[in-house]
Amino acid sequence: MIKVYHYPKCTTCKRALKWLKENNVECEKKDIKEQPPVFEEMKEIYKKSGLPLKKFFNTSGLVYKELKLKDKLADMSEDEQLKLLCSNGMLIKRPLVIGSDFVLVGFKENEWGKFF
């Protein structure tokens, strides 16, 4: 079963969960603000994804902007960035979907169709 980290108030997350339901995809839902991934899990998700670490940051979010991360990420190590992501679920781009052999960041219906 896939795991979906989402934020209940996020309209993109709501659309994504609706899409999963319409496509009969069962998932375990986790509120990304209440239960963000722990460091080891986030590291595993990142490695499995094959994506650049920057793709996991919610660059349009308030916390990202308040912390001025646009200017700071380049000087941070991979582990520092992963720890930062785990410290506040609102920094993570959502929804974050983890399957047995794939990771999806954000909701793009045409991309999701290839996995489900």
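The structure this text deals with has already been given above.
Since we're looking at a predicted model, the values are computed, not measured.

Reading the values: the criteria
- Residues numbered from 1 in each chain as written.
- Predicted model: local features only at pLDDT ≥ 70, side-chain atom pairs only at ≥ 80, totals over all residues.
- Heavy atoms only, no water.
- Pairing = 2+ DSSP bridges.
- Helix = DSSP H or I, 4+ residues; strand = E, 2+ residues; numbered from the N terminus.
- Axes fitted to C-alpha atoms, helices over the stretch in contact; angles between N-to-C directions.
- Contact = heavy atoms within 4.5 Å.
- Buried < 20%, exposed > 50% of the residue type's maximum accessible area, 1.4 Å probe, protein only.
- Right-handed = clockwise from strand over helix to strand, strands pointing away.
- Left-handed = near helix turned anticlockwise from the far one by under 90°.
- Core = buried A, V, L, I, M, F, W, Y, C linked by side-chain atoms within 4.5 Å.
- Salt bridge = Lys/Arg side-chain N within 4 Å of Asp/Glu carboxyl O.

Engineer: Explain the sheet that holds strand E4 (residues 103-105) here, please?
Structural biologist: Sheet strands pair via backbone hydrogen bonds, and the direction of the pair is either parallel or antiparallel. The four strands are arranged E2-E1-E3-E4 in an open sheet whose pairing can be described as mixed. Single-partner strands in this sheet number two, and they are strand E2 (27-31) and E4. Neighbour-to-neighbour, the strand axes of the sheet open up by a mean angle of 15°, direction not taken into account. Here strand E3 (residues 96-98) runs beside E4; their pairing, made up of three bridges, is antiparallel. Bridge pairing in E4 places Val97 opposite Leu104. Set on the sheet, helix H1 (residues 11-22) makes contact with strand E1 (2-6) and E2; between it and E1 the angle comes to about 155°. Packing against the sheet, helix H2 (residues 39-49) makes contact with E1, E3 and E4, and its axis sits at approximately 80° to E3.

Engineer: What should I look at first to understand the pairing of E1 in this one?
Structural biologist: If a strand is regular, its side chains alternate between the two faces of the sheet. Counting buried positions along E1 gives four out of five residues, so the element sits mostly inside the fold. Of the strand pairs in this sheet, E1 and E2 are connected by five bridges, and their pairing is parallel. Paired with Ile2 across the bridge in E2 is Cys27. In this fold, E1 hands off to H1, which returns the chain to E2; that crossover is right-handed. Relative to E3, E1 is paired through three bridges, and the arrangement is antiparallel. Paired with Tyr5 across the strands is Leu96, a residue of E3.

Engineer: Help me understand the packing of H2 against helix H5 (residues 78-87) in this model?
Structural biologist: Where H2 meets H5, the axes come as close as 9 Å, and the angle between the chain directions of the two elements is 115°. For the crossing formed where H2 meets H5, the hand is right-handed. Here H2 contributes Phe39, Met42, Lys43, Tyr46 and Lys47 to the contact with H5, which in turn contributes Glu78, Asp79, Leu82, Lys83, Leu85 and Cys86.

Engineer: Got a minute to help me understand the nonpolar core in this structure?
Structural biologist: One finds Met42, Phe56, Phe57, Leu69, Leu85, Leu91 and Leu96 to be the most contacted residues of the largest nonpolar core, which totals 26 residues. Only H2, helix H3 (62-66), H5, E3 and E4 provide two or more residues apiece to this core. Top element by residues in this core is H5. It accounts for four residues. Residues Ile2, Phe102, Leu104 and Trp112 belong to the second largest nonpolar core, which totals twelve residues.

Engineer: Got a minute to help me understand the pattern of salt bridges in this structure?
Structural biologist: Pairs may arise between side chains of opposite charge once their charged atoms sit close together. Taken as a whole and assessed by the stated rule, the structure comprises five salt bridges. Across the pair Lys30 and Glu28 runs a salt bridge, and its minimum N-O distance is 3.9 Å. Given a relative accessible area of 17%, Lys30 falls into the buried group. Since its relative accessible area comes to 36%, Glu28 is described here as partly exposed.

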